[in-house]
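Coordinate inspection notes
What follows is each chain in one-letter form.
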Amino acid sequence: MLIQRHLLPRFLCKSSLVPSGSNITALSFSKEAPQEENQKPRRSIMTNPLKDKLQKAQGEANVLEKKKRSVFARSTVPVNINIPNPKGIPGYDPTYSAKELLEELPRTIKKQSKLVAKEVAQMAKSASLEKPEFLEDIGLLRHNEARVEFRFDTEENRSLWHSGCDSDWKEGFSTCSFRGTDCGTAEFSGHISTQVVKDGRVERAGWASLKLEDRRSFNRKKFLSRWRNFSHLLLKVRGDGRSYKVMLHSPLSMDFTWGDSFSYPLHTHGGPYWQYEKIPFSKFFHTVAGRIQDRQYKVNLEDCSSIGIVLMDRIDGDFCLEIDYIGVYNDTTHTEDFAYETYTLPLFNTHGF
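Parameters and conventions
- Sequence order sets the numbering: in each chain, residues are counted from 1 along the sequence as written.
- Since the coordinates come from a predicted model, pLDDT governs what is reported: local features require at least 70, and pairs of side-chain atoms require 80 or more to be given and counted, while whole-chain, interface and lining totals use all residues.
- Excluded from the side-chain calculations are hydrogens and water; all other atoms, namely the structure's heavy atoms, are used.
- UniProt positions are given in the numbering used here, feature names are shortened, and annotations may be inferred rather than shown by experiment.
- Put simply, DSSP marks the helices as runs of H or I at least four residues long and the strands as runs of E at least two long, and each gets a number from the N terminus on.
- Summary of the burial criterion: residues with accessible area below 20% of their type's maximum are buried, those above 50% are exposed, and those between are partly exposed, where the area comes from a 1.4 Å probe applied to protein chains only.
- Any pair of residues with heavy atoms lying within 4.5 Å of one another is described as a contacting pair.
- The Shrake-Rupley method, run with a 1.4 Å probe, gives the accessible areas here. Residue values count only the displayed protein chains as cover.
- Values of pLDDT, which run from 0 to 100, indicate the predictor's confidence residue by residue.
- Counted as salt bridges are all cases of a side-chain nitrogen of Lys or Arg within 4 Å of a carboxyl oxygen of Asp or Glu.
- DSSP bridges decide pairing: two strands pair if at least two such bridges lie between them.

UniProt, in its Subcellular location (unreviewed entry) section for the protein chain, records the words "Mitochondrion". In the Sequence similarities (unreviewed entry) part of its UniProt record, the protein chain is described as follows: "Belongs to the CIA30 family."

With that settled, the discussion passes to the overall build of the protein chain. The secondary structure content of the protein chain amounts to five helices and 15 strands. When each of the 353 residues of the protein chain is scored for burial, the buried share is 33%. Sequence separation of 24 or more characterises 71% of the internal contacts of the protein chain that already satisfy a separation of 6 or more. When the accessible surface of the protein chain is totalled, it reaches about 23400 Å², and 55% of it is carbon and sulfur.

Moving on, we come to unusual backbone geometry. Residue asparagine 144 is not a glycine yet carries a positive backbone phi of 65°. Among the secondary structure elements, asparagine 144 is positioned in the loop between helix H4 (132-137) and strand E3 (146-151). Here the phi dihedral of alanine 289 falls at roughly 55°; this positive angle occurs in a residue that is not glycine.

Glancing now at the confidence of the model for the protein chain. Atom-level detail of predicted coordinates should not be read off regions where pLDDT is low. Summary statistics for the protein chain give a mean pLDDT of 76 and a share of 70% for residues scoring 70 or more. Segment residues 1-37: pLDDT under 50, and 33 contacts once partners within four positions in sequence are set aside and those in other chains are kept. Low pLDDT (under 50) marks residues 61-67, which in the prediction has twelve contacts with non-local residues, meaning those over four places away or in another chain.

It is worth spelling out the pattern of salt bridges at this point. In this structure the tally under the stated criterion is 14 salt bridges. One salt bridge connects arginine 147 with glutamate 149, and the closest N-O pair in it is separated by 3.7 Å. Looking at glutamate 149, the relative accessible area reads 32%, which means it is partly exposed. Salt-bridge contacts for arginine 242 lead to aspartate 313; the nearest nitrogen and oxygen are separated by 2.9 Å. Note that arginine 242 is positioned in the loop between strand E8 (232-238) and strand E9 (243-249) and aspartate 313 in the loop between strand E14 (306-311) and strand E15 (317-329), a separation of 71 residues in sequence. Several salt bridges share partner residues, and in doing so they unite Glu171, Asp199 and Arg201 into one network.

Quick look at the sheet that holds E9 now. One open sheet holds the seven strands; their spatial order is E4-E7-E14-E9-E10-E12-E13, and the pairing between them is antiparallel. Edge positions in the open sheet fall to strand E4 (161-165) and strand E13 (291-292), since each of these has one partner strand only. Where E9 meets strand E10 (residues 260-267), seven bridges bridge the pair, whose relative direction is antiparallel. Bridge pairing links leucine 248 to phenylalanine 262 in E10.

Next up, the structure:
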């Protein structure tokens, strides 16, 4: 058996078993007769096949599955430009060869050309003297007016939404899926497992999420700026009694704002009946990477580019949330600006000037 010197206990390294001043890298212990005093201890050298075997095992343990990327594909974090940043995930390989780039180029040009043509058609269709955004900004929205923004009745509409859970990142054992139903709705379902992966890195597990990934041509963001004149977020859902969380994602260009979002719980009813949830935008609280911040401020819908639904209630078991539509609602009697306590920082503080 080979024992490296740096793995021996400290008292063994200082004892008479290891002669002082010797240059011994490994000691070989066996049941043979003890060596003479003047005879130097034998050195054992690790064979090359054993070294190769250990290096291969270490490489297979550290390398994660390489994700397929293209020029205008969505990156791993919500940035304005497509620069992959895996947030320190070990084993991530950011290389992208020129050969793969050239192979992907024709499909990319075809896809982006369709998006450009679609945007031009929408601009031509909306070209009129009557601007809906201007009329909404001057306060011509009616009381109880609602607008449905996202439906899930077609495969094209459902393709804008992506589901994920901890097992997709090799950080847990939960599962989730997002699929359509025969009634023109969609089901976000799966199984939550709080069992932690024993890799010495992951501390907690048990989450699943659904997120909107709608982009314009050349990977440009779509913002929810037209929601700024409405007072409530409107959802028609049918749940299983579990508490979900609705998140409005607002990442900006700087790296320290990539995790910014605004959240509010979505408590569902168990049973066969639909529920209409009207959540005031003034109730959303500021979170960073899902953690509630001490310093709170109102959500700015001009910066929000995505919306998501997350389940992380720390309860093992199956879940199912059926969604009919997501939209906005205007209530002129709702005059609340922000529901939470705010404070003014002094001139010199830990956040800067």
